[in-house]
Amino acid sequence: MKIALLGYGKMGKVIERIALERGHEIVLKKSSTSSYEGLENADVAIDFSIPDSAVCNIKQCFDTNIPVVCGTTGWLERYNEIVSLCESKNGSFIYGSNFSLGVNIFFELNNYLAKMMSNLKQYKVSMEEIHHTQKLDAPSGTAISLAKDIIDNSDYTSWTLNNPTENDILIDAKRIENVPGTHSIFYDSSVDQIEIKHTAHNREGFALGAVVAAEWLVNKKGVFTMKDVLNLGN
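The written sequence of each chain sets the order in which its residues are numbered from 1. This being a predicted model, a pLDDT of at least 70 is required before a residue's local features are given, and a value of 80 or more before pairs of side-chain atoms are given or counted; all residues contribute to the totals for chains, interfaces and linings. Neither water nor hydrogens contribute to the side-chain values; these are computed over all heavy atoms in the structure.

Engineer: Describe the packing of aromatic side chains, and please don't skip the residues or the numbers.
Structural biologist: Centres within 6.5 Å make a pair out of two Phe, Tyr or Trp rings, where for Trp the six-membered ring is used; the pair is then stacked when the planes are under 30 degrees apart, edge-to-face when over 60, and tilted otherwise. Scanning the model with the defined rule gives eight aromatic pairs in all. Centroid distance Y79 to F93: 6.5 Å. Interplanar angle 40 degrees. Geometry classified as tilted. Separated by 14 residues along the polypeptide, Y79 in helix 3 (residues 79-88) and F93 in strand 5 (residues 92-95) bring together distant segments of the chain. For every residue, the accessible area obtained with a 1.4 Å probe (protein chains only) is divided by the maximum for its type, and the residue is called buried under 20%, exposed over 50%, and partly exposed between those limits. By relative accessible area, which is 0% here, F93 ends up buried. Cluster of aromatic residues (ring-pair linked, three or more members): F62, W75, Y79, F93 and Y95. Counting from the N terminus, the helices are DSSP H or I runs at least four residues long and the strands are E runs at least two residues long.

Structure below.
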């Protein structure tokens with residue numbers, strides 16, 4: 001399989017290594033200043049760029065009829081626009097706030113716990129996410145996905161980074177050198193605390209999941225998620 005890498009930072013380099021180990025060929029390694037030359041030769045593109053570049057990269061893939069997997073976060077205010085464009089262009093698209101297999105299992109666990117806790121009003125939920133200092137967006141896309149699943153299964157209506165009201169989930173977003181990603185969810189009452197937590201040890205899990213998603217997406221049409229890729233239950 002021929003892969004175009006849209007974004008060639010630290011994640012792009014790890015994705016390249018894992019893709020090569022799995023027998024794939026890299027036909028484009030695009031930085032923010034280089035062209036899309038070579039994209040037309042790809043079977044699939046993987047975007048781990050920056051928020052300001054992601055939408056342009058995705059649109060370019062649709063225009064070139066290249067399936068695209070996107071792991072860039074911080075641009076989701078335009079997600080519905082991209083979904084509509086993908087459908088109108090008969091394109092192929094997967095967005096994931098986190099491609100790690102462990103995190104996607106964690107998403108399911110979070111969803112299930114939120115349903116269990118929905119009637120236990122004595123518990124107040126809060127979250128913490130920690131990432132490396134180079135991460136541009138806060139909170140992380142993963143934290144937003146986790147918060148959304150709690151909101152969908154509870155009386156909470158939104159999340160906030162400070163000064164929460166009764167219906168807000170407080171997310172404490174920290175940036176610490178050399179932390180790949182840690183996400184914790186707390187349910188606190190006056191008598192105890194329930195915590196679930198996922199800690200990434202390195203970028204390998206994110207990169208492997210993105211390559212697996214790219215392998216899965218080839219020859220499919222539509223908008224998908226990692227639930228589809230991993231065949232996880234609803």
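And the narrative resumes.
Engineer: Quick rundown of the environment of F107? Include the residues and the values.
Structural biologist: Within the secondary structure, F107 is located in helix 4 (residues 101-117). F107 gets classed as buried once you look at its relative accessible area, which sits at 10%. The residues contacting F107, other than those within four sequence positions of it, are S97, N98, T142, S145, L146 and D149. Whether two residues touch is decided by their heavy atoms; if any such pair falls within 4.5 Å, the residues are in contact.

Engineer: Give me the sheet that holds strand 1 (residues 2-6): which residues, what numbers.
Structural biologist: Criterion used throughout: strands pair if DSSP finds at least two bridges between them. Strand order in the open sheet formed by six strands is 2-1-3-4-5-11, and the pairing between neighbours is parallel. Here the strands that pair on one side only, and so sit at the sheet edges, are strand 2 (25-30) and strand 11 (222-224). Between one strand axis and the next, the sheet turns by 15 degrees as a mean value, whatever way the strands run. In terms of strand pairing, strand 1 meets strand 2 through five bridges, oriented parallel. Directly across from K2, in strand 2, lies its bridge partner E25. Sitting on the sheet, helix 3 touches strand 5 and strand 11, and the angle it makes with strand 5 is about 155 degrees. Only the stretch in contact is used when fitting a helix axis, every axis being a line fitted to C-alpha atoms; angles between N-to-C directions are given from 0 to 180 degrees.

Engineer: An account of the layout of surface pockets is requested, with residue identities and associated values reported.
Structural biologist: Space inside the largest pocket adds up to approximately 820 Å³. The set of elements that each furnish at least two residues to the lining of the largest pocket consists of helix 1 (10-21) and helix 2 (51-64). For the lining of the largest pocket, the per-class residue count stands at 11 nonpolar, 19 polar and five charged. The volume enclosed by the second largest pocket comes to roughly 660 Å³. If you go around the second largest pocket, you meet 21 residues; those closest to its centre are Y95, S97, S145, K148 and T225. Within the residue set of the lining of the second largest pocket, elements represented by two or more residues are helix 3, helix 4, helix 5 (141-152) and helix 7 (226-230). We place a 1 Å grid over just the protein atoms. Points where a 1.4 Å probe fits but has no way out form a cavity, open points with protein on both sides within 12 Å along at least 5 of 7 lines form a pocket, and any residue with an atom within 4 Å of a point lines it. Grid points are joined across faces, edges and corners, and a volume is the space filled by probe spheres set on the points. When residue character is reported, Ala, Val, Leu, Ile, Met, Phe, Trp, Tyr, Cys and Pro are called nonpolar, Asp, Glu, Lys and Arg charged, and the others, Gly included, polar.

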